[in-house]
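What follows is each chain in one-letter form.
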Amino acid sequence: MTTQNVTQDNKRIVQQALTALVATGDVDALAPLLSDDFLHHRPDATSRTKPEWLAAVGVALVHLADMQVEIQHVLADGDHVVLHSRRRLPGGGPEIAVVDIWRLDDGLIVEAWEIIEPVSRAAANLTWWEIR
């Protein structure tokens, strides 16, 4: 299989995982696409294992059942897929920009990183290097 085919397969797997999760609101649809040693990394340097992350996503989805997700970009290069989306939280909640980075191995998602920023605070973060 060529690198281009692997890249496209990985992109398809990530899109399938997100579509299944958003469409069903059920983490069981996502679980088979994650490796047993899956790790979800957060910007605060904590990580969650597959069972921990699936449980956290399951709890979050109860409150986010009507969240609107608009995928802006899906970029893939080898074993990495980057997904940029804008999400509107239910009940008139804030709009957020999300960047997910997924690493795949042998057809399964083995690692994920996620960066979330409320769109309303984006301007304040343009000068992140200034001491406040």
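In what follows, the accompanying structure is described. Quick caveat, the model's predicted, so the values are computed rather than measured. (Residues numbered from 1 in each chain as written. Predicted model: local features only at pLDDT ≥ 70, side-chain atom pairs only at ≥ 80, totals over all residues. Heavy atoms only, no water.)

Observations regarding the side chain of Ser35
And then number 1: Mapped onto the elements of the fold, Ser35 is located in strand β1 (residues 34-41).
And then number 2: Each residue touching Ser35, except ones within four places of it in the same chain, is listed here: Lys50, Leu108, Ile109 and Val110. (Helix = DSSP H or I, 4+ residues; strand = E, 2+ residues; numbered from the N terminus. Contact = heavy atoms within 4.5 Å.)

What to know about the packing of aromatic side chains
And then number 1: On inspection of all chains with the given rule, the structure shows two aromatic pairs.
And then number 2: Aromatic side chains Trp53 and Trp102 sit 6.3 Å apart centroid to centroid with 70 degrees between the ring planes, which places their arrangement in the edge-to-face category. A residue pair is termed long-range when its members are at least 10 positions apart, and Trp53 in helix α2 (residues 50-63) and Trp102 in strand β5 (residues 95-105) qualify at 49 residues. For the pair formed by Trp53 and Trp102, the shared burial category is buried.
And then number 3: The rings of Phe38, Trp53 and Trp102 are connected pair by pair, giving a single aromatic cluster. (Phe/Tyr/Trp six-rings, centres within 6.5 Å; stacked < 30°, edge-to-face > 60°. Buried < 20%, exposed > 50% of the residue type's maximum accessible area, 1.4 Å probe, protein only.)

Some details on the pattern of salt bridges
And then number 1: Within the structure shown, the criterion is met by five salt bridges.
And then number 2: Glu95 is paired through a salt bridge with Arg88; the nearest N and O atoms lie 3.2 Å apart.
And then number 3: Judged by relative accessible area, which is 38%, Arg88 ranks as partly exposed.
And then number 4: For the salt bridge of Arg103 with Glu111, the shortest nitrogen-to-oxygen distance reads 2.6 Å. (Salt bridge = Lys/Arg side-chain N within 4 Å of Asp/Glu carboxyl O.)

Some remarks on a negative patch on the surface
And then number 1: A cluster of acidic side chains, namely Asp37, Asp77, Asp79, Asp105 and Asp106, defines a negative patch on the protein surface.
And then number 2: Residue position: Asp79 is located in the loop between β3 (68-77) and β4 (80-88). (Patch = residues over 30% accessible without salt bridge, like charges linked within 9 Å, V, L, I, M, F, W, Y side chains within 5 Å. Areas by Shrake-Rupley, 256 points an atom, 1.4 Å probe, with all protein chains shown as cover. Lys, Arg positive; Asp, Glu negative; His and termini not counted. Charge placed at Lys NZ, Arg CZ, Asp CG, Glu CD.)

Concerning the side chain of Thr7
And then number 1: Secondary-structure assignment places Thr7 in helix α1 (residues 3-24).
And then number 2: The exposure class assigned to Thr7 is buried, which follows from its relative accessible area of 9%.
And then number 3: A distance of 2.9 Å separates a polar atom in the side chain of Thr7 from the backbone nitrogen of Gly78.
And then number 4: Excluding its chain neighbours within four sequence positions, the residues that come into contact with Thr7 are Ala76, Asp77 and Gly78. (Polar contact = N/O pair within 3.5 Å; in protein donor to acceptor, adjacent residues only side chain to side chain.)

Structural notes on the sheet that holds β1
And then number 1: The mixed open sheet is built from six strands, whose spatial order is β2-β1-β6-β5-β4-β3. Looking along the sheet, the strands with just one partner apiece sit at the ends: β2 (47-49) and β3. Strand-to-strand, the axes of this sheet are offset by a mean angle of 20 degrees, without reference to chain direction.
And then number 2: Two strands pair when backbone bridges link them, and β3 and β4 are joined in this way by nine bridges, in the antiparallel orientation. Looking at β4, one finds that Val69 is bridged to Arg87.
And then number 3: Set on the sheet, α1 makes contact with β3, β4, β5 and β6 (108-118); between it and β3 the angle comes to about 165 degrees.
And then number 4: Helix-sheet contacts for α2 involve β1, β2 and β5, and the interaxial angle to β2 is about 100 degrees. (Pairing = 2+ DSSP bridges. Axes fitted to C-alpha atoms, helices over the stretch in contact; angles between N-to-C directions.)

Keep in mind these numbers describe shape, not what the thing actually does.
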